[in-house]
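Listed below are the residues making up each chain.
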Amino acid sequence: MEAAGGLWQRLAGPEERRLLEILSYGMVGAGAVSALLLVFLPMPYGRYSTRRFGCPVPVRLAWALQELPSLLVPLGLSLFSGAARLSEWPNRVLLALFMGHYVHRALIFPVLIRGGKPTPFITFALALIFCVYNGYLQGRSLSNYAEYPSGWLKGPCFIVGFAEWLSGMAINIYSDHILRNLRKPGETGYKIPRGGLFEYVTGANFFGEILEWFGFALASCTIESAAFAICTLFILGSRAHQHHQWYLKKFEDYPKSRKILIPFVL
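Quick caveat: nothing in here was measured; it's all calculated off a predicted structure.

## Things to note about the packing of helix H7 (residues 156-180) against helix H8 (residues 204-220)
Consideration 1: Contact geometry for H7 and H8: axes closest at 7 Å, N-to-C directions at 160°. As judged from the angle between their axes, H7 and H8 are roughly antiparallel. Classified by chirality, the crossing of H8 by H7 is left-handed.
Consideration 2: When the residues that make up the contact of H7 with H8 are grouped by side-chain class, the tally is 16 nonpolar, eight polar and four charged.

Written out as structure tokens, the structure reads:
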């Protein structure tokens, strides 16, 4: 453990700080490219799954394993990298918000899944790589570099950002609950989601997660958190559009007033 801590301390400095910035720009670029590709190629998961993208991975196992690095990597960095900034309360709280999301995503959400189609291996692998990447990006930034004034947790950026983060996470979890309970035991096929923000948008669960990470970005005010929020908007916005078009084709009675992602707007 001491050896690992010493290694990370030797790596810390302006060069790693610059690396984190480059990785942040790379994340935004990757999100933009992914959004462009999704215009022509549906994301191969769930109802769009196909064996062309590799052997199927059981959906619960895929969700747990692919999301786990975003929990374990920041935890490991906190314990074994020196974590020079984690003596400060703003850094502790912000990192706890990030990891709290992935406690739910990696440990709770997979257990709640009902049925669900297997995840193609390539989709699973890409998600796993992203979570390792982002776990390092957010974990290292908050544990070793981000600096905040003593009153940050009482300031407007944190308070408004935390409110957005909490609201977004609640919307995301409740929307997932609605989706899980669309079918009664023994039923098959697809149904139109009803209730909650699904009355206003097709991608209610996606809207919640986007709101959550933009709130986190405001609360953190780091280039790394902003990059993650923008990347999330690119990818989940594209998926919401993909779902919206699918529902319109699948159901003649799909509500025409229902927006794609942002209530009353888009």
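## Focus: the packing of aromatic side chains
Consideration 1: This model, assessed by the stated rule, comprises 19 aromatic pairs.
Consideration 2: For the pair Tyr 102 and Trp 213, a centre-to-centre distance of 6.1 Å together with 20° between the ring planes defines the contact as stacked. In this pair, Tyr 102 is assigned in helix H5 (residues 89-112) and Trp 213 in helix H8, connecting sequence segments 111 residues apart. For the pair Tyr 102 and Trp 213, one class covers both residues: buried.
Consideration 3: Taken together through their ring pairs, the aromatic side chains of Phe 98, Tyr 102, Phe 130, Trp 213, Phe 216 and Phe 228 make up a single cluster.
Consideration 4: The ring centre of Trp 89 lies 4.7 Å from the NZ or CZ of Arg 92, which sits over that ring.
Consideration 5: Note that Arg 105 overlies the ring of Phe 109, its terminal NZ or CZ placed 4.5 Å from the centroid.

## Digging into unusual backbone geometry
The phi angle of most residues is negative, glycine excepted, and most peptide bonds adopt the trans form.
Consideration 1: The phi dihedral of Cys 221 is positive, around 55°, even though this residue is not glycine.
Consideration 2: Topologically, Cys 221 is positioned in the loop between H8 and helix H9 (223-250).
Consideration 3: With a phi angle near 70°, Phe 264 is a residue other than glycine that sits in the positive phi range.
Consideration 4: Relative to the elements of secondary structure, Phe 264 occurs in the segment after H9.

## Some points on the environment of Arg 60
Consideration 1: Among the structural elements, Arg 60 can be located in helix H3 (residues 59-67).
Consideration 2: In this structure, the C-alpha to C-alpha distance between Arg 60 and Ala 227, residues 167 residues apart in sequence, is 28 Å.
Consideration 3: Among residues more than four places away in sequence, those in contact with Arg 60 are Pro 110, Val 111 and Ile 113.

## Quick word on the pattern of salt bridges
Consideration 1: For the structure on display, the rule yields five salt bridges.
Consideration 2: The partner of Glu 16 in a salt bridge is Arg 140, with the nearest N and O atoms 2.8 Å apart. Here Glu 16 is found in helix H2 (residues 14-40), whereas its partner Arg 140 is found in helix H6 (residues 121-145), with 124 residues between them in sequence.
Consideration 3: Take Glu 16: its relative accessible area is 5%, and that puts it in the buried class.

## Comments concerning H5
Consideration 1: Taking 1.5 Å of rise per residue, the 24 residues of H5 would be expected to cover 34 Å, and the 33 Å separating its terminal C-alpha atoms lies within 8% of that figure.
Consideration 2: Roughly 30° is the biggest bend found in H5, and it falls at Arg 105.

## Describing H2
Given 3.6 residues per helical turn, the α-helix brings residues three or four places apart onto the same face.
Consideration 1: With 27 residues, H2 ought to run about 39 Å at 1.5 Å a step, and its terminal C-alpha atoms sit 40 Å apart, in line with that.
Consideration 2: Residues of H2 that are buried: Glu 16, Leu 20, Leu 23, Ser 24, Met 27, Gly 31, Ala 35 and Leu 38.

## Looking at the nonpolar core
Consideration 1: Formed by 32 residues in total, the largest nonpolar core has its most connected members in Leu 94, Phe 98, Leu 142, Trp 213 and Phe 216.
Consideration 2: The set of elements that each furnish at least two residues to this core consists of H2, helix H4 (69-80), H5, H6, H7, H8 and H9.
Consideration 3: Considering every element that reaches this core, the biggest residue donor is H5, with six residues.
Consideration 4: The residues touching Leu 142, leaving out its near neighbours within four places in the chain, are Arg 85, Leu 86, Asn 91, Leu 94, Leu 95, Tyr 148 and Phe 216.
Consideration 5: Counting seven residues, the second largest nonpolar core, distinct from the first, contains Phe 206, Phe 207, Leu 236 and Ala 240.

## Notes on the layout of surface pockets
Consideration 1: For the second largest pocket, the calculated volume is near 230 Å³.
Consideration 2: Lining the second largest pocket are 12 residues, with Leu 38, Val 39, His 241, Gln 242 and Gln 245 sitting closest to its centre.
Consideration 3: Within the residue set of the lining of the second largest pocket, elements represented by two or more residues are H2 and H9.
Consideration 4: Sorting elements by how many residues they give to the lining of the second largest pocket places H9 first, with five residues.
Consideration 5: Per-class residue counts for the lining of the second largest pocket are eight nonpolar, four polar and no charged.

Scoring rules and cut-offs
- Residues numbered from 1 in each chain as written.
- Predicted model: local features only at pLDDT ≥ 70, side-chain atom pairs only at ≥ 80, totals over all residues.
- Heavy atoms only, no water.
- Axes fitted to C-alpha atoms, helices over the stretch in contact; angles between N-to-C directions.
- Helix = DSSP H or I, 4+ residues; strand = E, 2+ residues; numbered from the N terminus.
- Parallel < 35°, antiparallel > 145°, perpendicular 65-115°, else oblique.
- Left-handed = near helix turned anticlockwise from the far one by under 90°.
- Nonpolar A, V, L, I, M, F, W, Y, C, P; charged D, E, K, R; others polar.
- Phe/Tyr/Trp six-rings, centres within 6.5 Å; stacked < 30°, edge-to-face > 60°.
- Buried < 20%, exposed > 50% of the residue type's maximum accessible area, 1.4 Å probe, protein only.
- Lys NZ or Arg CZ within 6 Å of the ring centre and 35° of its normal.
- Contact = heavy atoms within 4.5 Å.
- Salt bridge = Lys/Arg side-chain N within 4 Å of Asp/Glu carboxyl O.
- Expected span 1.5 Å × (residues − 1).
- Bend = angle between axes of the 7 residues up to and from the residue.
- Core = buried A, V, L, I, M, F, W, Y, C linked by side-chain atoms within 4.5 Å.
- 1 Å grid on protein atoms, 1.4 Å probe; cavity = no way out; pocket = protein on both sides within 12 Å on 5 of 7 lines; lining within 4 Å.
- Points joined across faces, edges and corners; volume = space filled by probe spheres on them.

By themselves, these are just geometric observations and shouldn't be taken as functional.
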